[in-house]
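Chains, contacts and geometry: an overview
For reference, the chains in residue letters:
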Amino acid sequence: MPSLDKFIVRGGNRLQGNITVSGAKNASLALMPATLLASGVSRLSNTPRLRDISTMSTLLETMGVRVKHPGTVLELDTREVKNFEAPYELVKKMRASFYVLGPLLGRFGEARVSYPGGCAWGPRPVDLHLKALEQLGATIEIEGGYVLARTKRLRGADITFDISSVGATGNTLMAAVLAKGTTVIRNAATEPEITQLAGFLSRMGARIDGIGSNCMTIEGVDELHAADDSNIPDRIEAGTFLAAAAATGGSITLENVSPQHLTAVLAKFRDAGCDVSHTENSISLNAPDALQAVNVSTAIYPGFPTDMQAQWMALMTKAPGTTTVTDTVYFDRFNHVPELQRLGARIEVTKNTAIIRGVERLNGATVMSTDLRASASLIIAGLMAESSTEILRVYHIDRGYEAIELKLRNLGADIQRVDSEDY
Ligand code: UD1
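Residues numbered from 1 in each chain as written. Predicted model: local features only at pLDDT ≥ 70, side-chain atom pairs only at ≥ 80, totals over all residues. Heavy atoms only, no water.

1. Some details on the site of the ligand
Worth spelling out the cut-off: Near is defined per residue: the residue qualifies when any heavy atom it owns lies within 4 Å of the molecule or strand. Polar contacts here mean pairs of N or O atoms no more than 3.5 Å apart (in protein, one a potential hydrogen donor and the other a potential acceptor; neighbouring residues in sequence count only if both atoms are side-chain atoms). Segments assigned H or I by DSSP are reported as helices when at least four residues long, segments assigned E as strands when at least two residues long, and all are numbered from the N terminus. Residues are grouped as follows: Ala, Val, Leu, Ile, Met, Phe, Trp, Tyr, Cys and Pro are nonpolar; Asp, Glu, Lys and Arg are charged; every other residue, Gly included, is polar. In this entry, domain limits derive from an automatic or database-based domain assignment.
Near the ligand, the surroundings consist of 17 residues, among which D127, S165, V166, D307 and V329 are the closest. Separating an oxygen atom of the ligand from a side-chain N or O atom of N26 is a distance of 3.2 Å. At 3 residues, the largest contribution of residues to the shell around the ligand is made by helix α5 (residues 127-135). Of the residues in the shell around the ligand, the class split is 8 nonpolar, 5 polar and 4 charged. Structurally, the shell around the ligand is a two-domain feature, drawing no fewer than three residues from each of domain 1 (6-21 + 233-418) and domain 2 (25-230).

Here it is in structure tokens:
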């Protein structure tokens, strides 16, 4: 049963100070199942302590992996993996569970993984994952809500994705590294989390060319070995804190961050009137009292990330004039709109574009978290609103932000978590 804690945010405080960005959730969620590809002990440092990471740990434990997570180093011992199933109860909690399919198939030649359903903002298909695995020689059947995949040994293939997909690229890459022969993945995702995964697989002994580009060539090997790696910083957590600072006319410095992963996002903050500077691993943002309206359209990397769309929309609710926010990656990702409207925002959605007409003030209200990034947008709006905003179902935010209320409080925000048992 997820916790029903809520947040109470009192708006108006300017955020100021320094915070350290945690390791990237979405990179960890790919590196963890990748350890299934070899027998041994791998250590992944800079792994954030999040609910999604615990869910992935539980899933790997059901397969026989021993997991320890003291501090931020995650240790995975894959010497006794014996169960190749990802049950419905875990996949329905977190779609990234589907990432175990490729490595199980690659190393053990079989996997039984619950077919993911839709998610909070609509259908999220896995057709590209399955088609690519079939091209690598797997037999795939859907039975009783499960994907049953089998092979004697995968063989290399030339795969072109119709759509650039993070998950399908990750799954195919993890399957192909142990296939016999050469695999080419065209129109591969180039998101930093995939680059991180490909780097980790190389450390495990995989032979991959074209890492970081949209065409990777993989020479299959017979065996991989366990390896250690250090995770990249979470670019979406970083962007969310920048948005929180910008929302309050604040001034913050992020540490342990990779500015090169945030080029499109930083450009938008500059267009909105923020003063942004960076070093190799820090970003400083100084926000003006009032932001200018800046349109965004999400795109695959290195474009503006869909995972920052909701936060940007919250920021624009008070920008004078009209702003448009278009999501070209997920056409239905607008669950935050009715909640932002409860705070007084003026937003209309037509197809995959939200049109935001800036208002002078937002007023605190009770709002509901519906998914991870929608919840982040509600916190940002709460920081901009007058009086207090109550955000229900913060378990969504605990999936992907490590101690967000503590980090925000350290910057001067007035945000409290109220334990569900206390209300
Ligand atoms: C990952 C991220 C998620 C982010 C998304 C886009 C993780 C754990 N999650 O999700 O936070 O919002 O990338 O950057 O890393 N598609 C298909 N068929 C498929 C797979 C995808 O049509 O088989 C479509 C999707 O509906 C979507 C697009 O491809 O329109 C991109 O989705 P994808 O990159 O696969 O997202 P995820 O890997 O699920």
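2. Some details on the packing of aromatic side chains
What counts here: Here the aromatic set is Phe, Tyr and Trp, taking the six-membered ring for Trp, and pairing holds for ring centres within 6.5 Å; pairs whose planes are under 30 degrees apart are stacked, those over 60 apart are edge-to-face, and all others are tilted. Each residue's exposure class comes from its accessible area (1.4 Å probe, protein chains only) as a fraction of the maximum for that residue type: buried when under 20%, exposed when over 50%, partly exposed otherwise.
In this structure the tally under the stated criterion is 3 aromatic pairs. Plain terms: the ring middles of F84 and F108 are 4.5 Å apart, the flat faces sit at 20° to each other, and that makes the pair stacked. Of this pair, F84 sits in the loop between β5 (74-77) and β6 (85-86) while F108 sits in helix α4 (residues 101-108), placing them 24 residues apart in sequence. What makes F108 partly exposed here is its relative accessible area of 24%. Judged by centre distance (5.9 Å) and plane angle (75°), the ring pair of F304 and W312 falls under edge-to-face. The class of F304 is buried, set by a relative accessible area of 4%. Here the aromatic cluster, defined as three or more aromatic residues joined through ring pairs, consists of F269, F304 and W312.

3. A short note on the environment of A314
Rules: Contacts were defined at the residue level, with two residues in contact if any of their heavy atoms lie within 4.5 Å.
Looking at the element boundaries, A314 is found in helix α10 (residues 309-316). Given the relative accessible area of 0%, A314 is considered buried. Measuring from C-alpha to C-alpha, the distance between A314 and V418 comes to 23 Å, with 104 residues separating the pair along the chain. Not counting residues within four places of it along the chain, the set of residues in contact with A314 comprises L340, S377, I380, A381 and M384.

4. Things to note about α4
An α-helix turns once per 3.6 residues; consequently, residues spaced three or four apart project the same way. Burial of α4 is extensive: 6 of the 8 residues sit out of reach of the surface. Among the residues of α4, those classed as buried are L101, G102, P103, L104, L105 and G106. Elements that come into contact with the buried residues of α4 comprise α1 (25-34), β7 (110-114), α5, β9 (146-150) and α6 (166-176).

5. Section: the domain arrangement of the chain
As a reminder, the rule being used: A simple way to read buried area is as the amount of 1.4 Å-probe accessible surface that goes missing from two parts once joined, with both sides added. Just to be clear on terms, a salt bridge is a Lys or Arg side-chain nitrogen sitting within 4 Å of an Asp or Glu carboxyl oxygen.
Per the domain assignment, the segments making up the chain are domain 1 (6-21 + 233-418) and domain 2 (25-230). The C-alpha centroid of domain 2 is placed 30 Å from the C-alpha centroid of domain 1. Taken together, the 22 residues of domain 1 in the interface contact 20 residues of domain 2. Contact between domain 1 and domain 2 buries roughly 1,800 Å² in total, counting both sides, with carbon and sulfur atoms accounting for 47%. Contact with domain 2 buries area across many residues of domain 1, yet Y301, R399 and E402 alone supply 33% of it, more than any other trio. As a salt-bridge pair, E193 and R235 come within 2.8 Å of each other at their nearest N and O atoms. Connecting domain 1 to domain 2 are 8 residue pairs in polar contact (both at pLDDT 80 or more).

6. Looking at unusual backbone geometry
Cis geometry is adopted by the peptide bond preceding P302, which originates at Y301 and carries an omega value of 10°. With phi around 60°, N46 is a residue other than glycine that occupies positive phi space. Among the secondary structure elements, N46 is positioned in the loop between β3 (41-45) and α2 (51-62). Residue classification places N46 among the buried positions, given a relative accessible area of 19%. In the Ramachandran plot, S387 falls in the positive-phi region, its phi being about 60° despite a non-glycine side chain. Tracing the backbone through its elements, the reader meets S387 in the loop between α12 (372-384) and β23 (388-392).

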